[in-house]
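Spelled out from the first residue to the last, the chains are:
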Amino acid sequence: MKVYLVSAVGDHTKTLKMLWSSIPTDVITLEGDDFFTEDQGRYKTMGVDRVAALKGATSLTGFPALVVDGGTATTYTATDSSGKILGGGIGPGLYVKLRSLYEYTDKLPRLHPAQVTDVLDKAIKKGEKIPIFSRDTNEAIITNILSEYQKNMMGIVQHWLKTVGKYDENAPDNNKTRRIYFTGGDGDIMLRTLNHSIFDSDPDHPPAETTNGEGPTSTGFIKEVGCETEYRKHLIHEGIAALLVDKVNERILQVQKQLKVIEVNSENFNAKIVGQRVAKNFNKPNKTRNQDHYFRGVVKEYDSDKEDGNYYKIEYNDGDEEDVTLEELKELIVNFLTFGEGPKTLSSDSVSKNSASGRGRKRKQNSTPTGAKKKPTNSLLKEPELQVEKRIAKYFEGSLYFGTVVKFLTKAQLWHIVYDDGDQEEFDEKDMKKALDLYESEKASDPKQKGK
């Protein structure tokens, strides 16, 4: 199972990674550059949560985009019609406002967000307008907070529309209705201050289509300025989903380009394809703890002398082999570019694929004559401690990782590996041999060997 982390709080990220490490998962911490690059307007200190939410908004209605996030901090972030980030603003969230008034003053009471929501609900649902000149301390605090939200957001919306232009059905950009997204736990509170007449000083507007902030609305101030609003509490999640879709599409484009090269110049392809990583779905989990159905392997050789056509020999990570046609090979390459090496897990390909149901085309048997003796193999298990402290290499999702053998687990008959990035896993003998062989061919790229 893959877990994607988006957090602007470093301590939370460390804690979550530690918790998830106790179960079989591949934890991936997403950074700001995954969602928007600096060329797209992201500045270096911009919070990953902001760009993730912005990605979610643009995946729903395209550009231009404006996202208002009511969380611990209240933020707004916008793009122009070309998709470039304009910037935004950051301020204290509702909880922080209420708590700071209590902690940094002598006599002001400690209020809670629920009290603010209660006042707002009465103003919207029962028509009990909030007086701008309050004669009660609690009410005065709430009035000021809601008034700040309303007037601040009005200014932001007006300036954004002035920058990107108002609704135009003939405009080339995607977000023609200029929909603005509100997100976060308190985002609906901010949205409703714009969509309703809540103060005794507000002009009367028709009631909003919805009273709980859910779904698109266009009424009151929002209708007057010519845009729409929508509350989506989990906009960051939609941003992550959009990012993953983009990554898959990028890989599909890569493989389409590669397949085009194959069709144009197959001889060139045959010469270069040896060593290409592949993946195949055998319809049954390979018993990794994340239930991955894909077995990874490598193209070992191209054979043009087969009686029934040309074949490419594939050797899978568990040692099994099969011969595939060019069309089958294309599919295996697509799978690998789409799903990569898979997570770092215990003996990830240690179960034979012959036991998988619905295997598909059965591999052709090796042409070794019956009764021929196999060359004796040197078992690493004869003296397993000799492998301790050796360097190894392994590919994960197309990237090369280096690590060190730190100890041998006698009972399990496995070697414990610690990668340079801190991840860990265990190798059986097949895993160890492949990792040692790969290291020998790639050790020039090992950062710990440079300069020696």
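Scroll up to find the structure.
Residues numbered from 1 in each chain as written. Predicted model: local features only at pLDDT ≥ 70, side-chain atom pairs only at ≥ 80, totals over all residues. Heavy atoms only, no water.

Colleague: Mind showing me how you'd approach the overall build of the protein chain here?
Modeller: Check the secondary structure of the protein chain and you find 12 helices and 15 strands. Buried residues in the protein chain amount to 42% of all 452 residues. (Helix = DSSP H or I, 4+ residues; strand = E, 2+ residues; numbered from the N terminus. Buried < 20%, exposed > 50% of the residue type's maximum accessible area, 1.4 Å probe, protein only.)

Colleague: Even after reading the chapter, I still don't get a nonpolar patch on the surface, so can you show me in this structure?
Modeller: On the surface, Leu 16, Met 18 and Leu 19 cluster together into a nonpolar patch covering about 290 Å² of accessible area. Among the secondary structure elements, Met 18 is positioned in helix α1 (residues 10-20). (Patch = residues over 30% accessible without salt bridge, like charges linked within 9 Å, V, L, I, M, F, W, Y side chains within 5 Å. Areas by Shrake-Rupley, 256 points an atom, 1.4 Å probe, with all protein chains shown as cover. Salt bridge = Lys/Arg side-chain N within 4 Å of Asp/Glu carboxyl O.)

Colleague: Got a minute to help me understand the nonpolar core in this structure?
Modeller: Within soluble globular proteins, side chains that are nonpolar generally end up buried alongside one another. By size, the foremost hydrophobic cluster in this structure holds 35 residues, and its most contacted members are Leu 146, Met 153, Val 157, Ile 180, Phe 182 and Ile 198. In terms of residues, this core owes the most to one element, helix α6 (residues 137-164), which gives 11 residues. Discounting residues that sit within four places of it in the chain, Leu 146 has contacts with Val 116, Leu 120, Ile 130, Ile 189, Thr 193, Ile 198 and Phe 199. Residues Ala 52, Ala 53, Ala 65 and Leu 243 belong to the second largest nonpolar core, which totals 17 residues. (Core = buried A, V, L, I, M, F, W, Y, C linked by side-chain atoms within 4.5 Å. Contact = heavy atoms within 4.5 Å.)

Colleague: Help me understand the pattern of salt bridges, please; the structure alone is not making it clear to me.
Modeller: Think of it this way: side chains of opposite charge can pair up when their charged atoms draw near. Enumeration over the complete set of coordinates arrives at 19 salt bridges. Two residues, Glu 230 and Arg 179, come together in a salt bridge whose shortest N-O distance is 2.8 Å. Of the two residues, Glu 230 is situated in strand β7 (residues 228-231) and Arg 179 in strand β6 (residues 179-183); the sequence distance between them amounts to 51 residues. Per residue, the accessibility class of Glu 230 equals that of Arg 179, and both read buried.

Colleague: How should the sheet that holds strand β4 (residues 73-79) be read in this particular structure?
Modeller: Adjacent strands of a sheet form backbone hydrogen bonds with each other and so pair up, either parallel or antiparallel. Pairing is mixed across the open sheet formed by 5 strands, whose spatial order is β5-β4-β3-β6-β7. Here the strands that pair on one side only, and so sit at the sheet edges, are β5 (85-92) and β7. Sheet twist, expressed as the mean angle between neighbouring strand axes with direction ignored, is 15 degrees. In this sheet, β5 lies alongside β4 in antiparallel orientation, the contact comprising 7 bridges. Residue pairing for β5: Ala 73 is matched across the bridge by Pro 92. The strands that helix α7 (residues 187-195) touches are β3 (66-70), β4, β6 and β7; relative to β7, the one it contacts most, it runs at about 155 degrees. (Pairing = 2+ DSSP bridges. Axes fitted to C-alpha atoms, helices over the stretch in contact; angles between N-to-C directions.)

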